[in-house]
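# Structural description and commentary
Here is how the chains run, residue by residue.
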Amino acid sequence: MLGGAAMECDSIFAQGNRMPGRLLQRWLSRFEAALARLGHAFVNRWGALERLYRRPYARIALRLRFAFYPLLALGALGWLAWDWQHDRQLASAEDAIFDQVISWRLWEPRPSGQVVLVEIDECSLEYFRARGEGGWPWSRQRHADLLDRLDRAGVRAVGYDVLFADPSPLDPTADATLEAMAEGGDGRFVFAASRLHADYDDGASLHASAAPSSFPLTASPQQDPPVALLLPYGVAMRRNAALVNVTRNADGVLRDVPLRERAGDWALASLPLRLAAGPEPRALSAFPDSVRINWRTRAGLPRMSAADLLANGEARCGEAGAPLPELRGRTVLVGYTAAGLNDAKPTPVTSAMAGTEVLAEATEALLADNAIWMPPPVVKYLLAALLVLLTAFAFYRGEPASEIDQIFVATNLLLLLLAYIGLTAFGLFFDIFAAIGFVSLSFGLCRLYSGVQRGRTIGNGDFRAEFDPAQDRWLALARLRFAPDAGLDPEALERRLREYRRRLRRYLHGGTNAVAIEGVVERKSWLWESLEDLTVLVWTAPDHDSVTAIAERELDALHAHLAGHDEVLPDDGSVRVAYATSHAADAESASTTRARVRATLGDLIRSAEERPLSARNPFPVTGA
């Protein structure tokens, strides 16, 4: 009895253990059923939505036919021409790509050491303030002492990015001392000047030819307009002044530093250009209009605080014991970097870089010859125009093979890699990404339109009326096969087959009543070689005579289409046709109709009776 009770308890316990599993299984089954119903309803609703806009697209494509592609090319070329004349958004798009590639570099060029930055920084200001010698602004005597220290150190040249616009009313002696330093520098000390807005030019007394650091752009300059400049007060300083104006890109980021500003047939040199080339006009004219700095995020220019220099080389602001940069034979930029004094500029590597540092980097790029080289802006526009024309022409000839999509993606990735390597290792930036992106947009529109054409050709119900057994009671079928001429090698045969399929698709995409069955098996599968040359065209109509008349008319037109192409480019082969007709539907069930269509199609594919496609292609009477 005890044994029986134990067995009964074990049975109840086992059932209790199975109850949660059964409940979980029941809920999973209900959840799967709900997902199946939801997915089925979504697909049906989505298909109805697609038909709402795809069928109108197909009707438009049926009217436009292949005129869409040249129209798209004309529209794209028109936009490129308009953009070149206006905002140049295609060129601006490259800037963001440049900034990203700069930030991704694993290594970057180190400074050459030819340019040293002497900073009037917070430490320098605090150093003299703590000594009771006043804060900012500094006396002209202190600036003169700074130049004297640099001169004694044997510097090559000094660019002084401090604008001494007016003489000091309190210390004329210090003004004279600074002017004497400028005179004694014999052109090695270059002072800051500023170009005022062009609206002030009409009232200016100074002409471009007489402006400091100006040089002619032509052998016989004629135009010599007045220019409004803000110059230093002293005669020697004016004679050895250059522009410190910089221009940001359209997005507000400074990437390129102008080296000259044109005024009629003359140009006014910038401070970096004057420091790099010297005062000789012939040397000034040998440089380009602007320079793109090889921006660095980790390796900055050698620098020192002005207080360290004025304290006879003792480290007052730098780390104790740290060596100061070598100055002999170097080009030095002096300017503000203290917060609140400098005119900070956003650059590709920082949101706020002192203007003096920007000028120093531009001077470094010229002296070390490590500026970024970029093709002229017109190159990307010409490239985009050329590629758009080639893309439109490729689709105009007929739907290209699907592999072209992969080629586009691979090409873009390769260009990105080449640009990264070129910018990182060689200082070359081929800014054609926006052009490729624009072409990819054009390519996508061509592929979208071609997809509409193809959808109608293959009988996709989203693009054309679906098969209706009540109306489409008869079928006419034609199996097309490309028969190559004898003696073609395998490579030439594959090329001819590809060309034949392109020509056939162009005819079918132009708008026919036929539904094409192409690609019975997946391309490159082991059955592909046996079936790759077969295409089946299917026509439907209410009666036998109507369906064969439509089929014969379109096969005749296909022959004319292929023959016209053969006159331009022979395909080294002929097209063979096998025929079949079928009473597809009567009062039968849908499954019976499908079985009859499959049987007719199977008989046609394996049929050995075929004849060449010709100008007249009557269907055999016995096929009904």
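Residues numbered from 1 in each chain as written. Predicted model: local features only at pLDDT ≥ 70, side-chain atom pairs only at ≥ 80, totals over all residues. Heavy atoms only, no water.

## Side note on the overall build of the protein chain
- Each helix and strand in the protein chain was counted, giving 18 helices and 17 strands.
- Against the globule reference of 25 Å for 624 residues, the protein chain gives a C-alpha radius of gyration of 40 Å, more extended than a compact globule.
- Along the three orthogonal principal directions, the C-alpha set of the protein chain runs to about 120 × 105 × 50 Å.
- Of the accessible surface of the protein chain, which amounts to about 32400 Å², a share of 58% is contributed by carbon and sulfur atoms.
- Separation of charge centres in the protein chain, based on 67 positive and 76 negative side chains, amounts to 6 Å. (Helix = DSSP H or I, 4+ residues; strand = E, 2+ residues; numbered from the N terminus. Rg over C-alpha atoms; globule rule 2.2 N^0.38 Å. Areas by Shrake-Rupley, 256 points an atom, 1.4 Å probe, with all protein chains shown as cover. Lys, Arg positive; Asp, Glu negative; His and termini not counted. Charge placed at Lys NZ, Arg CZ, Asp CG, Glu CD.)

## A closer look at the layout of surface pockets
- By volume, the largest pocket is sized at about 840 Å³.
- Secondary-structure elements contributing two or more residues to the lining of the largest pocket are helix 3 (89–104), strand 7 (256–258), strand 10 (290–292), helix 11 (355–367) and helix 12 (377–397).
- It is helix 3 that contributes the most residues to the lining of the largest pocket, four residues altogether.
- Partitioned by chemical class, the residues of the lining of the largest pocket number 16 nonpolar, four polar and 11 charged.
- Estimated volume of the second largest pocket: approximately 700 Å³.
- Top element by residues in the lining of the second largest pocket is helix 18 (residues 590–605). It accounts for five residues.
- Of the residues that constitute the lining of the second largest pocket, the class distribution is 11 nonpolar, five polar and six charged. (1 Å grid on protein atoms, 1.4 Å probe; cavity = no way out; pocket = protein on both sides within 12 Å on 5 of 7 lines; lining within 4 Å. Points joined across faces, edges and corners; volume = space filled by probe spheres on them. Nonpolar A, V, L, I, M, F, W, Y, C, P; charged D, E, K, R; others polar.)

## A look at helix 2 (residues 68–85)
- Here helix 2 is 18 residues long and its end C-alpha atoms lie 26 Å apart, about the 26 Å a rise of 1.5 Å per residue gives.
- Within helix 2, burial applies to Phe68, Tyr69, Leu72, Ala73, Ala76, Leu80 and Asp83. Along the axis of helix 2, the buried positions cluster into a sector of 135°, meaning they face one direction only. Of the exposed residues in helix 2, those oriented more than 90 degrees away from the buried face are Leu71, Leu74 and Gln85. (Expected span 1.5 Å × (residues − 1). Buried < 20%, exposed > 50% of the residue type's maximum accessible area, 1.4 Å probe, protein only. Arc of directions from axis to C-beta.)

## Topic: the sheet that holds strand 4 (residues 214–216)
- If you walk across this open sheet you meet the three strands as 4-9-8, and the pairing is antiparallel. Sheet topology places strand 4 and strand 8 (260–263) at the edges, where each strand pairs with a single neighbour. The mean angle between the axes of side-by-side strands here comes to 30°, regardless of whether they run parallel or antiparallel.
- Inspection of the sheet shows strand 4 paired to strand 9 (residues 266–269) by three bridges, in the antiparallel sense. What sits directly across from Pro216, in strand 9, is Trp266. (Pairing = 2+ DSSP bridges. Axes fitted to C-alpha atoms, helices over the stretch in contact; angles between N-to-C directions.)

## Some thoughts on the packing of aromatic side chains
- Considering all chains together, one arrives at 21 aromatic pairs under this definition.
- Where Phe128 meets Trp138, the ring centres are 5.4 Å apart and the plane angle is 75°; that geometry is what we call edge-to-face. With Phe128 in helix 4 (residues 122–130) and Trp138 in the loop between helix 4 and helix 5 (140–152), this pair connects stretches of sequence that are 10 residues apart.
- Arranged with centres 5.1 Å apart and planes meeting at 85°, the rings of Trp136 and Tyr336 form a pair that is edge-to-face. With a gap of 200 residues between them, Trp136 in the loop between helix 4 and helix 5 and Tyr336 in strand 12 (residues 331–336) connect regions that are remote in the sequence.
- One aromatic cluster in this structure is built from Phe66, Phe68, Tyr69, Phe395, Tyr396, Phe443 and Tyr449.
- Lying over the aromatic face of Trp27, Arg30 brings its terminal NZ or CZ to 5.4 Å of the ring centre. (Phe/Tyr/Trp six-rings, centres within 6.5 Å; stacked < 30°, edge-to-face > 60°. Lys NZ or Arg CZ within 6 Å of the ring centre and 35° of its normal.)

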